[in-house]
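Single-letter residue listing:
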Amino acid sequence: MQSTLLDRRSFLKVSSIAGGGVLISVYAKPLAAALSQGPAAAAAQPAFSALAFFRIAPDGIVTILSKNPEIGQGVKTHLPMILADELDVDWKNVRVEQADLEESKFGPQRAGGSTATPINWDPLRRVGAAVRQMFITAAAQTWSVSESECSAASGRVSHAASNRSLGYGELAAKVATLTPPDLQSVKPKDPKDYKIIGKPTRSVDNPLIVTGKFPYSIDCKVPGMLYAVFEKCPVFAGKISNANIDEIRALPGIKHAFIIEGTQDLLGLHCGIAIVGDSWWQAQQARKKLRIAWSDSPTAQQSSQNFAKQADELSGKDPVFYLRTDGDADAALKSAGKIVDAAYFYPFLAHAPMEPQNCLAHYKDGNLEIWTPSQTPARGRQMIADVLKIPEANITVHLRRAGGGFGRRLTNDYMLEAAAIAKEVGAPVKLLWTREDDFHHDHYRALGYHYLKGGVDSSGKLVAWKNHFVSLGEGKSFAPVASIGPNEFPASYVPAYSLGSSLMPCGIPTYALRAPGSNGYAWVFQSFLDELAHAAGIDPLKFRLQLLSAQRVANASTAAPAGASELEPARMAGVLKLAAEKSDWGTRTLPKGAGMGVAFHFSHRGHFAAVALVHVDSAKKVKVEKIWSVGDIGSQIINPLNAENQTQGAVTEALSYLMACEITIDGGRAKQSNFNEYEPVRMNHAPASIEVHYLKTDNSPTGLGEPALPPTLAAVTNAIFAANGDRVRSLPLSKHGYSWA
């Protein structure tokens, strides 16, 4: 995702507010990004993009508008913590409000890719430091003393020599008259002086959440609101031949029933029948009485079984195209001391957030007002403008807290549906999907097949790696988020390396799931590395450390662009060693049926390793006793409480993917309908302990939403192999007779 960073063209805008106090915005001209795209793009850029917006009241209370969507990742708390610490106010005097979508004021407003921390860390520190300096300047001018004699703390400026102090609220009017400092000239705090950053801090929404009072998006209401349901073809991209719409319109409480034709975009607005009623129950009951004849869709010929058959056939042929080639893998395999040949598979997965998709929309006099849990609200607004021909300037978007997202709310089909229904009805309409809708019309994690061959020499060194990756797409174009990058580990660490691919046409919508891509192939690669380590007769953790120290293979055709984040072997070795230390790797005496497994992966700027301790009985009942999750996300853990929560949540979600979660396609439709068929890990099956550690390094802080998840799966399956000798090469585990103990 693109980011707007502060530079010498950035400046603060300060103004008084009614009743006293001060309103502060920070603006940055995004010229560099615009100019890199040419003069036309530069001319089309808005004048300024704001990165922060807050107000300080006469009583010293600081209200920060949280710009990014909150989906449970804690961004509504930890970004304000950065501002508050640098501003030098007490956290108890901070209030946080959710901002509406106004990227001309706030800059990018998105939730995804673990980007909130790396994008905002330095800019928000400088904003807070600059405003703190302004209050010091205001106090010094008031007392006619030097600024160097003044200091700020807890929302007050003090002059020790005269024993005087003034609160920020008292200085607000004076601050509003000052010329703000250059943001690049201010000096953020030394980390040793942090009072809020680095301190465990509960979510600002927690008091209302735990008492059942917080209004999630699903709880949103406005006066005069109607309720809508939307029936789509169970086979993706199916169209309506005929339906008993007149009968539906005559049912009690039903105000409207009509067909929406939809578009050809699998991630956009699908064809369906909207039913609008006085209550959601009435609309849903009417929906059950629909009789629809659907036209044939080519997707009806697609199924998980057919994909598996096609993949197996393709595996016997050369890849259609290559993503990366280093050396001669075939020749290296011929001379290898030992060769391992394996086929791995991971299935479609659903996002399955607790809160189903929903959206509230009101169209009136050419204007649309919308309340959404979207992770990418600006993209949703643009889609509405394009499809429904409503100018973006006429669309107001209110951001609502989501009951989980995991990538599902990156796409905005539910926004399009609500807007299309509201435009037809002309009244406030709340669209609410059922749980079954959410499973049947997800944008799934793509399945993938990996046909691997690897070779080690007589010393145990990995000398060859071949992967024929069979995925979804057309020709050489992958389906959305069904691809793999050419530089994914162990690329460049093996002298003879080949990554080729063949694609299968797919009418099933796919998109990003938490830790996109790596939530599947990290399990494959780290499992196969384990197989190679055992073939080499080398401890799996030692084998990985040796590979990380290997001489790199340069490949100009796949070189990462300047500034792109990529795995740093020293940092990954650091987390592996810390994981080994904390888990007593190699020194524990394990009982019969117990085993330990290790894995690592780099994703979303985070270096993470996982060690799992499991017990497997003769009936294949698995008990994950403990997991150690160790990460390097830079020099500072902004909110340790939320960091631990995010890491433990990622580990727990990985266990769900591992054991029982799978979406099966049959006849172009998803078979699973609810959690009884798509069972997440339960509390009594979770590890007794998920121990989290962070290795602080001299690197800028990065995000935590995703990177702890990918290595967890392989750590557990590698531990199962260590416990009972069974190498599982396809998921979920339940298909191999495993279950939770």
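Heads up: the structure comes first, above all this text.
The following refers to the structure shown. Note that this is a predicted model, so its numbers are computed, not measured.

1. Details of the overall build of the protein chain
Consideration 1: A tally of regular secondary structure across the protein chain gives 19 helices and 30 strands.
Consideration 2: Across the 741 residues in the protein chain, those meeting the buried criterion constitute 58%.
Consideration 3: At a minimum sequence separation of 6, the contacts of the protein chain that also span at least 24 residues come to 78%.
Consideration 4: Summed over all atoms, the accessible surface of the protein chain reaches about 29,200 Å², with 50% contributed by carbon and sulfur.
Consideration 5: Charge centroids of the protein chain, computed over 75 positive and 69 negative side chains, lie 2 Å from each other.

2. A short note on the nonpolar core
Consideration 1: Counting 117 residues, the largest nonpolar core has Trp465 and Leu472 as its most contacted members.
Consideration 2: A per-element tally of this core places helix α15 (residues 518-536) first, with nine residues.

3. Examining the pattern of salt bridges
Consideration 1: Applying the stated criterion across every chain, the model contains 35 salt bridges.
Consideration 2: Between Asp326 and Arg324 there is a salt bridge whose closest N-O contact spans 2.7 Å.
Consideration 3: According to the relative accessible area criterion, Asp326 is buried, its value standing at 3%.
Consideration 4: For Arg324, a relative accessible area of 5% corresponds to the buried category.
Consideration 5: Here the salt bridges share partners, and the residues they tie into one network are Asp85, Glu86, Asp88, Arg132, Lys189 and Lys195.

4. Thoughts on helix α13 (residues 413-425)
Since one α-helical turn is 3.6 residues long, residues separated by three or four positions face the same way.
Consideration 1: Over its 13 residues, α13 extends 18 Å from the first C-alpha to the last, a length consistent with the 18 Å expected when each residue adds 1.5 Å.
Consideration 2: Taking burial as the measure, the 13 residues of α13 include eleven buried ones, the bulk of the element.
Consideration 3: Phi turns positive, to about 75 degrees, at Gly426, one or two residues after α13.

5. A few points about the sheet that holds strand β8 (residues 164-167)
Consideration 1: Read from one edge to the other, the open sheet built from three strands follows the order β6-β7-β8, with strand pairing classed as antiparallel. Two strands bound the open sheet, and with one partner strand each, they are β6 (150-153) and β8. Between one strand and the next, the sheet's axes are offset by a mean angle of 25 degrees, whatever the strand orientation.
Consideration 2: Two strands pair when backbone bridges link them, and β6 and strand β7 (residues 156-159) are joined in this way by four bridges, in the antiparallel orientation. Along β7, the bridge assignment pairs Ala152 with Val157.
Consideration 3: Contacting β6, β7 and β8, helix α5 (residues 116-143) crosses the sheet at an angle of about 45 degrees to β7.
Consideration 4: Together, β6, β7 and β8 form the strand contacts of helix α6 (residues 168-175), whose direction differs from that of β8 by roughly 75 degrees.

6. Some points on the side chain of His398
Consideration 1: Considering the arrangement of structural elements, one finds His398 in strand β18 (residues 395-399).
Consideration 2: Within polar-contact distance, the side chain of His398 engages the side chain of Glu369 at 2.6 Å.
Consideration 3: Not counting residues within four places of it along the chain, the set of residues in contact with His398 comprises Asp100, Glu369, Ile370, Trp371 and Thr372.

7. Digging into the environment of Pro234
Consideration 1: Note that Pro234 resides in the loop between β9 (226-232) and β10 (240-243).
Consideration 2: Using a relative accessible area of 27% as the deciding quantity, one classes Pro234 as partly exposed.
Consideration 3: Residues Pro234 and Leu183, spaced 51 residues apart in sequence, show a C-alpha to C-alpha distance of 54 Å.
Consideration 4: Sequence-distant contacts of Pro234, that is, excluding residues within four places in its chain, are made with Trp294, His441, Gly668 and Arg669.

8. Here we look at unusual backbone geometry
Glycine aside, the phi torsion of most residues is negative, and most peptide linkages are trans.
Consideration 1: Between Phe489 and the following residue, Pro490, the backbone shows a cis peptide bond with an omega angle of 15 degrees.
Consideration 2: Along the polypeptide, Pro490 turns up in the loop between β22 (477-478) and β23 (496-504).
Consideration 3: Residue Leu731 is joined to Pro732 through a cis peptide bond whose omega torsion reads 5 degrees.
Consideration 4: A positive phi angle, near 55 degrees, is found at Ser114, a position not held by glycine.
Consideration 5: Within the secondary structure layout, Ser114 lies in the loop between α4 (103-106) and α5.
Consideration 6: Residue classification places Ser114 among the buried residues on the basis of a relative accessible area of 10%.
Consideration 7: Residues other than glycine seldom take positive phi values, yet Ala237 does so here, at roughly 75 degrees.
Consideration 8: Relative to the assigned elements, Ala237 resides in the loop between β9 and β10.
Consideration 9: Accessibility expressed as a relative area gives 43% for Ala237, which makes it partly exposed.

9. Some thoughts on the sheet that holds strand β12 (residues 272-277)
Consideration 1: A sheet is described by the order of its strands in space; here seven strands give the open sequence β11-β12-β9-β19-β16-β17-β18, paired in mixed fashion. Two strands lie at the open edges of the sheet, namely β11 (254-260) and β18, each paired on one side alone. Here the average twist between neighbouring strands, direction ignored, is 20 degrees.
Consideration 2: Bridging between strand β17 (residues 367-372) and β18 involves five bridges; their strand directions are parallel. By the bridge assignment, Leu368 is partnered in β18 with Ile395.
Consideration 3: Its contacts with the sheet place helix α12 (residues 377-388) against β17 and β18, and it is angled at close to 150 degrees to β18.

10. Some details on the packing of aromatic side chains
Consideration 1: Per the counting criterion, the structure on display carries 17 aromatic pairs.
Consideration 2: Taken together, a centroid distance of 5.3 Å and an interplanar angle of 80 degrees make the contact between Tyr344 and Trp523 edge-to-face. With a gap of 179 residues between them, Tyr344 in strand β15 (residues 338-346) and Trp523 in helix α15 connect regions that are remote in the sequence.
Consideration 3: Looking at Trp523, the relative accessible area reads 0%, which means it is buried.
Consideration 4: Taken together, the aromatic side chains of Phe236, Phe307, Phe348 and Tyr444 make up a single cluster linked through ring pairs.
Consideration 5: Against the face of Trp433 rests Lys232, its NZ or CZ located 4.1 Å from the ring centre.
Consideration 6: One residue, Arg401, lies across the ring of Phe214, its end atom 5.8 Å from the ring centre.

11. Focus: the side chain of Asp326
Consideration 1: Along the chain, Asp326 turns up in strand β14 (residues 321-326).
Consideration 2: Among the polar contacts listed, one links the side chain of Asp326 to the side chain of Asn555, at a separation of 2.7 Å.
Consideration 3: Look past the residues within four positions of Asp326 in its chain and what remains in contact with it is Ser492, Pro495, Ala496, Tyr497, Val553 and Asn555.

What counts as what
- Residues numbered from 1 in each chain as written.
- Predicted model: local features only at pLDDT ≥ 70, side-chain atom pairs only at ≥ 80, totals over all residues.
- Heavy atoms only, no water.
- Helix = DSSP H or I, 4+ residues; strand = E, 2+ residues; numbered from the N terminus.
- Buried < 20%, exposed > 50% of the residue type's maximum accessible area, 1.4 Å probe, protein only.
- Contact = heavy atoms within 4.5 Å.
- Areas by Shrake-Rupley, 256 points an atom, 1.4 Å probe, with all protein chains shown as cover.
- Lys, Arg positive; Asp, Glu negative; His and termini not counted.
- Charge placed at Lys NZ, Arg CZ, Asp CG, Glu CD.
- Core = buried A, V, L, I, M, F, W, Y, C linked by side-chain atoms within 4.5 Å.
- Salt bridge = Lys/Arg side-chain N within 4 Å of Asp/Glu carboxyl O.
- Expected span 1.5 Å × (residues − 1).
- Pairing = 2+ DSSP bridges.
- Axes fitted to C-alpha atoms, helices over the stretch in contact; angles between N-to-C directions.
- Polar contact = N/O pair within 3.5 Å; in protein donor to acceptor, adjacent residues only side chain to side chain.
- Phe/Tyr/Trp six-rings, centres within 6.5 Å; stacked < 30°, edge-to-face > 60°.
- Lys NZ or Arg CZ within 6 Å of the ring centre and 35° of its normal.

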